[in-house]
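The residues making up each chain are set out below.
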Amino acid sequence: MARPKGLKQSLPSLLRFYNYVLPYIKQRKWLIVGAFVCLFGQTLLRLLEPWPLKYIIDRLASPEFNPDHDLQSLSSLPLSTYFAVLAGALVIIILCRALMTYTTTVLMALAGNHIIISLRSKVFNHIQGLSTIYHQQQRSGDLVVRIISDMGLMKEIAITAAVPLLGNSLIFVCIVGVMLWLNWQLALVSLCTLPLLWLVTLSKSKKIHKVARKNRQREGVMAATASESIHAIKSVQALTLEDRFSTIFGQANNKSLKEGVQGKRLAASLQRSVEILMAISTALVLWYGANLVIKGALSLGELLVFIYYLRRVFRPIRDFTKYTARLAKASAAGERVLDILEQQKDVQNHTEAKEAPPFSGHIQFNEIQFSYLDDQVANLDNLSLKIAKGQKVAIVGPSGSGKSTLLALLLRLHDPQRGEVTIDGVDIRDYTFESVRQQISVVMQETALFATSILNNIAIGQQEVSMEQVIDAAKQAEIHDFIISLPNGYDTPVGERGVTLSAGQRQRISIARAALRQAPILILDEPTTGLDPLTELHVSRALMKLAEQSTVLFVTHRMCFAAHCDHVIYMQQGKIVEQGTHNELLKLGGPYAAQFNSPEQQALGG
C-alpha cells in the first residue's frame, strides 16, 4: 500500500475531485454565488462587530468628547443616548451577521446536497458499467461503502468544514489588514507566533490524515466482511464459520477503534497547541498594547479591538485544526471515490455506434483473440465459428476452456483484442452495447433475482408488458401453477437474491424472464447445474420450449443436452478442437466421444 500523504500533499486529490464535480457546480452556480455574497457580507459585519464596544470604552475612559477616538456624527447626543445607539448598533450588527451566516449555510447545503447526489449517481452508474473482471477483483461491501459512506462524508465535509474554512480564511485576511492599518507594530507583535503555529499545524495534520485514511480503509474491510457473511449466511452457519467471520470483523473493528481514538487525540493535541500559542500572543499584545495606551499612542478601545481581532485572527487556524481531521477524511474518501471514477470501462460505445435493428440471429466469430489480463495467456485463441439463424449449438469442454468467455464476447461484456463478433454480418461494436444486449435472452447458472415481487422479477428490464404476457411466459417456464398457489400470487416478494425460493423455482422464473423478452438469440450457461433430477427435468422441458424460436448457444457439461442440439463444438484451452453433430463427433472418437462415454457422464444419464 502506498504511504499515506499529509494534508498538504492531499490537496491535489481534492482538486482532482473538484474537477469531477465542476459540471455539477456550474448547474448550481447561482446558489453558490449567493452563498459567497452572504459570506462576504458576514465577513464585513464580523469586522464591524467590535467597533461599537471600542467607542463605548473610549467614552467611558474619557467622558469628554474626543474627535480622535469618538464618533463625530454622534457628538451632539447625550452620553446615555450615545451609549444606547452604540449598543443598538452592536445588536443590529450581530443580528445581520447571524442572518448572513444562516443564509450562507442553507445555500451551501442546498448546492452541496444537489452536487453530491448527482455525483453519487454518476459513481453508481460508472460502477455498473465496469467490467466483470473489475468486480471480481473488488469486495462488494467496500464498493457499497464508497458509494454511500464515502460520498456521504464528502457531502458532510462540503457543508460543515469547507464553507466555514472559506469564511474564516476571508476573515483572516481582512482582520490582518485592519490590524496593520490600526497599528502595524502591535499587529506584528500579535502575529509573531503564527509561523510556529503553522508548522505545528502542518506536522499534526499530516499524522491525522494518515490515521484517517487507514480508518476509511478499515471501514471498507468491515463492510466487505459483513456483506460476505450476510450474503452467504447459510454456508456460514452450515460450516460453523461464525467465529471466523466474527474474528475478522472484530480485528478490523478494534483497529478502527484504535485509529479513531488516535485521530481524536491528535486533533485534541493540535487544538491545545493553538490555544497555548494564542495565549502567548494575547499576553504579548496586552503587554505591548498597555504600554502604547500609557504613552497615548493607542486608545483603550483600540486595544480592545486588537484583542478581539487577535482572537478572531487565530480562529481560522484553530478551526483549521478542528476541521483537519474532517478534511483528511474527506481527502481519503475522495481518493477512494476517484479510484472508481478513474477506472476505464472495458466496453464503451464509439462515437458512431447506432441502435441495432431487429436481429434475425445469424452469429459469427471471426479469428477471435482474447485475454482477460492482456497477457500471453489467451482465453480464446484465433477462434472462428459460424452459427446459422435458428441453429441450436451446444458448447462443451472442460472447465476453463473458454466456453463462458465466448458467451461474454457475444453479450459484449468484453471486446476481443483481435477479430470481430458479428450478428447478421455486422460487427456488434458498430451498435450500442445496450441495443445488442436487449435482443439476447440469458439464463445463467446463478439466477439473479431481486428483492421485489415475482411479477417484477419476470418483467424486469421490459417496457410496457401486460399481465397476460407475463402469465404466458410463466406458463412456458412451467412456474405459473406454483405462483398462483402462493397467497399473494404474482405479487409475492421473493426476498433478496430470491432466498425464499428453491433453486429450481428461481431458475424457472429466470426462464420466464427470458421467454417474456422473446429475443432472437438465447444464451444458456449451465442452467441446470446443481438441480435435482426431477427439477432438472422440469427446467429442461421449459428450456426446450424457450429454445424453439431462437438461435441458441448452450454451454453445458451434460452431454445428454448436447445430443439434442443441431451442432456441437468441443473446446480446449481457448480453441475449438472439434465440431459437428452429436453423432458425427461420436464416430470421430475424439475428446467429445471420450467425455460422452466417461463413467461420470454415464452416471448422469449420458
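Bear in mind the structure is a predicted one, so any value in this text is a computation, not a measurement.

Draft legend 1. The arrangement of the overall build of the protein chain in detail. When its secondary structure is counted, the protein chain shows 22 helices and ten strands. A buried classification covers 47% of the 606 residues belonging to the protein chain. In the protein chain, the share of contacts with a sequence separation of at least 24, taken over all contacts with a separation of at least 6, comes to 77%. As presented, the protein chain carries roughly 30200 Å² of accessible surface, and 59% of it is formed by carbon and sulfur atoms.

Draft legend 2. Focus on the packing of aromatic side chains. One pass over the structure, following the stated rule, counts three aromatic pairs. Ring centres of Trp287 and Tyr288 lie 6.1 Å apart, and the angle between their planes is 50°; on these two criteria the pair is classed as tilted. Residue Tyr288 is classed as partly exposed on the basis of its relative accessible area, which comes to 25%. The interplanar angle of 55° and the centroid separation of 5.9 Å between the aromatic rings of Tyr308 and Tyr309 together place this pair among those described as tilted.

Draft legend 3. Here's a closer look at the pattern of salt bridges. Enumeration over the complete set of coordinates arrives at four salt bridges. With a shortest N-O distance of 2.6 Å, Arg97 and Glu49 are connected by a salt bridge. Here the residue Arg97 occupies a position in helix α4 (residues 79–129), and Glu49 occupies one in the loop between α2 (29–48) and α3 (51–61), the gap between them amounting to 48 residues. Across the pair, exposure class does not vary: Arg97 and Glu49 are buried alike. Residue Asp381 is joined to Lys575 by a salt bridge in which the shortest nitrogen-to-oxygen separation is 3.5 Å. Placement of Asp381 in strand β2 (residues 380–387) and of Lys575 in strand β10 (residues 575–580) is noted, with a sequence separation of 194 residues between them. Relative accessible area serves as the criterion here: at 24%, Asp381 is assigned to the partly exposed category. Lys575 sits in the partly exposed class, given a relative accessible area of 40%.

Draft legend 4. Broad picture of the UniProt feature "transmembrane region" (unreviewed entry) in the protein chain. UniProt marks residues 30–48, 79–100, 157–178, 184–203 and 296–314 with the feature "transmembrane region" (unreviewed entry), using the numbering shown here. Across residues 79–100, the secondary structure splits into 100% helix and 0% strand, with the terminal C-alpha atoms separated by 32 Å.

Draft legend 5. How the structure looks around the sheet that holds strand β8 (residues 551–555). The strand order β6-β7-β8-β3-β9-β10 describes an open sheet built from six strands, whose pairing is mixed. Edge positions in the open sheet fall to β6 (440–443) and β10, since each of these has one partner strand only. Looking at each pair of strands side by side, their axes are set apart by 20° on average, direction ignored. Across five bridges, the pairing between strand β9 (residues 567–572) and β10 is antiparallel. Within β10, the residue paired with Tyr570 across the bridge is Glu578.

Draft legend 6. Fine view of the pairing of β8. The element β8 is extensively covered by neighbouring structure, given that five of its five residues are classed as buried. Of the pairings in the sheet, the one linking strand β3 (residues 392–396) to β8 comprises four bridges and is parallel in character. Opposite Ile395, over in β8, you have Val555 as the bridge partner. One ladder, built from five bridges, connects strand β7 (residues 521–525) with β8; its direction is parallel. In the sheet register, Leu522 faces β8, and the bridge partner there is Val552.

Draft legend 7. Examining the confidence of the model for the protein chain more closely. Confidence in the prediction of the protein chain, expressed as mean pLDDT, is 78, and 83% of residues score 70 or more. A low-confidence stretch, residues 1–7 (pLDDT under 50), is modelled with 21 contacts involving residues beyond four sequence positions or located in other chains.

Draft legend 8. Quick peek at the pairing of strand β4 (residues 418–423). Across five bridges, strand β1 (residues 363–370) lies against β4 in antiparallel orientation. Looking at the pairing, Phe365 lines up with Val421 of β4. As paired elements, β4 and strand β5 (residues 426–427) share two bridges and run antiparallel to each other. Opposite Thr422, over in β5, you have Asp427 as the bridge partner.

Draft legend 9. Representation of the sheet that holds β4 within the structure. On the basis of which strands lie adjacent, the open sheet formed by four strands has the order β2-β1-β4-β5 and antiparallel pairing. Sheet topology places β2 and β5 at the edges, where each strand pairs with a single neighbour. Each of β1, β2 and β4 touches helix α12 (residues 403–410); the most contacted strand, β1, lies at about 115° to it.

Draft legend 10. Up close: the environment of Asn349. Position of Asn349 relative to the elements: it lies in the loop between α11 (300–341) and β1. Taking C-alpha positions, Asn349 is 6.7 Å from Phe433, a pair spaced 84 residues apart along the chain. Among all residues touching Asn349, those that are not within four sequence positions of it are Arg412, Tyr431, Thr432, Phe433 and Glu434. For Asn349, the side chain forms a polar contact with the main-chain nitrogen of Phe433, separated by 2.9 Å. Separated by 3.1 Å, the side chains of Asn349 and Glu434 make a polar contact.

Draft legend 11. Looking closely at the nonpolar core. Core analysis: the largest hydrophobic core is formed by 42 residues, its most contacted members being Ile454, Ile458, Ile511 and Tyr592. Among the elements that make up this core, the one with the highest residue count is helix α17 (residues 503–517) (six residues). Counting contributing residues per domain, this core is built from domain 3 (371–439 + 520–603) and domain 4 (450–518), each supplying no fewer than three.

Calculation notes
- Residues numbered from 1 in each chain as written.
- Predicted model: local features only at pLDDT ≥ 70, side-chain atom pairs only at ≥ 80, totals over all residues.
- Heavy atoms only, no water.
- Helix = DSSP H or I, 4+ residues; strand = E, 2+ residues; numbered from the N terminus.
- Buried < 20%, exposed > 50% of the residue type's maximum accessible area, 1.4 Å probe, protein only.
- Contact = heavy atoms within 4.5 Å.
- Areas by Shrake-Rupley, 256 points an atom, 1.4 Å probe, with all protein chains shown as cover.
- Phe/Tyr/Trp six-rings, centres within 6.5 Å; stacked < 30°, edge-to-face > 60°.
- Salt bridge = Lys/Arg side-chain N within 4 Å of Asp/Glu carboxyl O.
- UniProt positions renumbered as here; feature names shortened; annotations may be inferred.
- Pairing = 2+ DSSP bridges.
- Axes fitted to C-alpha atoms, helices over the stretch in contact; angles between N-to-C directions.
- pLDDT = per-residue confidence, 0-100.
- Polar contact = N/O pair within 3.5 Å; in protein donor to acceptor, adjacent residues only side chain to side chain.
- Core = buried A, V, L, I, M, F, W, Y, C linked by side-chain atoms within 4.5 Å.
- Domains from an automatic or database assignment.

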